[in-house]
Amino acid sequence: DSGVTQTPKHLITATGQRVTLRCSPRSGDLSVYWYQQSLDQGLQFLIQYYNGEERAKGNILERFSAQQFPDLHSELNLSSLELGDSALYFCASSSAGGRGTDTQYFGPGTRLTVL
Amino acid sequence: AQSVTQLGSHVSVSEGALVLLRCNYSSSVPPYLFWYVQYPNQGLQLLLKYTSAATLVKGINGFEAEFKKSETSFHLTKPSAHMSDAAEYFCAVSQRGTSYGKLTFGQGTILTVHP
């Protein structure tokens, strides 16, 4: 158990809908990262927050947005869902501001299925 | 831009045999390097990381990896495979000298261990 929690574990929804994925980092960790894992794209970095502020952005679609709240939990919002958004979404956390040497601890993921 | 190439999407070994999983990186500056393992239906777990100390890095579960700058490689090895090593392994890099720690992953290598 990494100490990172993600809810829900599974999510099944229809095209065009909007969903919210939630992540609670390890106690004391200030950075939260979101990754998408799909069969065709592999594991891709989406976005990073550090202590409530956006720190880095990757291949995140405009239909997707994220935020980190004062209690440090984070939410990833996916809207106007398409079939291709079906994937496993991981959250990771690290203790510091995202130095390249930081160990990222991964949650168990949320499996999103868009029908 | 950084990239990671894992040679061999599937590797199969016998129990007790040497495990060798290959990883090559492309980066203008030697990056920080990581190996993660993913067991079925679980998140990623860090095996080991190279952050410019010793070039031979020892990790958990008997795994080790050697950073070779001249070959831009960071191959993962284990002298004797165990059935419990069956999983998917990911090599990842993060950029040196930045204020963020996003990881760029390879495509993954599925390790199968035969009795």
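Before any of the text, the structure's been laid out above.
Residues numbered from 1 in each chain as written. Chains lettered and ligands numbered in written order. Predicted model: local features only at pLDDT ≥ 70, side-chain atom pairs only at ≥ 80, totals over all residues. Heavy atoms only, no water.

Draft legend 1. Up close: the overall build of chain A. Broken down by element type, chain A carries zero helices and eleven strands. Its helices and strands in sequence order give chain A the pattern β-β-β-β-β-β-β-β-β-β-β, from N to C terminus. The C-alpha radius of gyration computed for chain A amounts to 13 Å, which stays within 12% of the reference 13 Å derived for 115 residues, consistent with globular compactness. C-alpha atoms of chain A, sized along the principal axes, occupy 40 × 25 × 25 Å. Put simply, chain A has 115 residues, and 53% of those count as buried. Put simply, of all contacts in chain A between residues at least 6 apart along the chain, 56% involve residues at least 24 apart. As presented, chain A carries roughly 5300 Å² of accessible surface, and 46% of it is formed by carbon and sulfur atoms. Between the averaged position of the 9 positive side-chain charges in chain A and that of its 11 negative side-chain charges there is a distance of 3 Å. (Helix = DSSP H or I, 4+ residues; strand = E, 2+ residues; numbered from the N terminus. Rg over C-alpha atoms; globule rule 2.2 N^0.38 Å. Buried < 20%, exposed > 50% of the residue type's maximum accessible area, 1.4 Å probe, protein only. Contact = heavy atoms within 4.5 Å. Areas by Shrake-Rupley, 256 points an atom, 1.4 Å probe, with all protein chains shown as cover. Lys, Arg positive; Asp, Glu negative; His and termini not counted. Charge placed at Lys NZ, Arg CZ, Asp CG, Glu CD.)

Draft legend 2. Expanded view of the sheet that holds strand S1 (residues 3-7) of chain B. Residues and elements named next belong to chain B. With antiparallel pairing, the five strands of this open sheet are ordered in space as S1-S3-S8-S7-S6. Strand pairing shows two members of the sheet lacking a second neighbour, S1 and strand S6 (56-58), which therefore form its edges. Within the sheet, the average angular offset between the axes of one strand and its neighbour, ignoring direction, is 20 degrees. Both S6 and strand S7 (residues 64-68) contribute to a ladder of three bridges, which runs antiparallel. Counted as the bridge partner of Lys-58 is Glu-64 from S7. (Pairing = 2+ DSSP bridges. Axes fitted to C-alpha atoms, helices over the stretch in contact; angles between N-to-C directions.)

Draft legend 3. Seen up close, the packing of aromatic side chains. Counted according to the given criterion, the structure contains 14 aromatic pairs over all chains. Aromatic pair Phe106(A) and Phe105(B): ring centres 6.2 Å apart, planes at 75 degrees, arrangement edge-to-face. Linking Phe106(A) in strand S10 (residues 105-106) with Phe105(B) in strand S10 (residues 104-105), this pair reaches from one chain into another. Phe106(A) gets classed as buried once you look at its relative accessible area, which sits at 3%. Taken together, Tyr35(A), Phe45(A), Phe90(A), Phe106(A), Phe34(B), Tyr36(B), Phe90(B) and Phe105(B) form an aromatic cluster joined through their ring pairs. Looking at Arg26(A), its charged tip hangs above the ring of Tyr105(A), at a distance of 3.7 Å from the centre. (Phe/Tyr/Trp six-rings, centres within 6.5 Å; stacked < 30°, edge-to-face > 60°. Lys NZ or Arg CZ within 6 Å of the ring centre and 35° of its normal.)

Draft legend 4. Structural view of the pattern of salt bridges. Inspection of every chain in the model, using the stated rule, returns five salt bridges over all chains. Close ionic contact of Arg63(A) with Glu82(A) constitutes a salt bridge, the shortest N to O distance being 3.7 Å. Of this pair, Arg63(A) sits in the loop between strand S6 (53-57) and strand S7 (64-68) while Glu82(A) sits in the loop between strand S8 (74-78) and strand S9 (87-94), and the two are 19 residues apart along the sequence. The salt bridge partner of Lys78(B) is Asp85(B), with a shortest N-O separation of 2.9 Å. Residue classification places Lys78(B) among the buried residues on the basis of a relative accessible area of 11%. Given the relative accessible area of 2%, Asp85(B) is considered buried. (Salt bridge = Lys/Arg side-chain N within 4 Å of Asp/Glu carboxyl O.)

Draft legend 5. Examining the sheet that holds S8(A) more closely. All names here are of chain A. An order of S1-S3-S8-S7 is seen for the four strands of this open sheet, with the pairing classed as antiparallel. Looking at the sheet topology across the chains shown, the edges are occupied by strand S1 (5-7) and S7. Shown here is a sheet whose adjacent strand axes are inclined to one another by a mean of 15 degrees, direction ignored. The sheet contact formed by strand S3 (residues 19-24) and S8 spans five bridges and is antiparallel. In the sheet register, Arg-22 faces S8, and the bridge partner there is Glu-75.

Draft legend 6. Seen up close, the state of the cysteines. Evaluation of the coordinates by the stated rule reveals two disulfides over all chains. Linked covalently through their sulfurs, Cys23(A) and Cys91(A) form a disulfide whose S-S length is 1.8 Å. Judged by the sign of its S-S torsion, about -50 degrees, the bond between Cys23(A) and Cys91(A) is left-handed. Residue Cys23(A) is located in strand S3, and its partner Cys91(A) is located in strand S9; the two are separated by 68 residues in the primary sequence. For the pair Cys23(A) and Cys91(A), one class covers both residues: buried. Covalently, Cys23(B) is tied to Cys91(B) through a disulfide, its sulfur atoms 1.9 Å apart. Disulfide Cys23(B) to Cys91(B): torsion about the S-S bond roughly -60 degrees, handedness left-handed. (Disulfide = S-S within 2.5 Å.)

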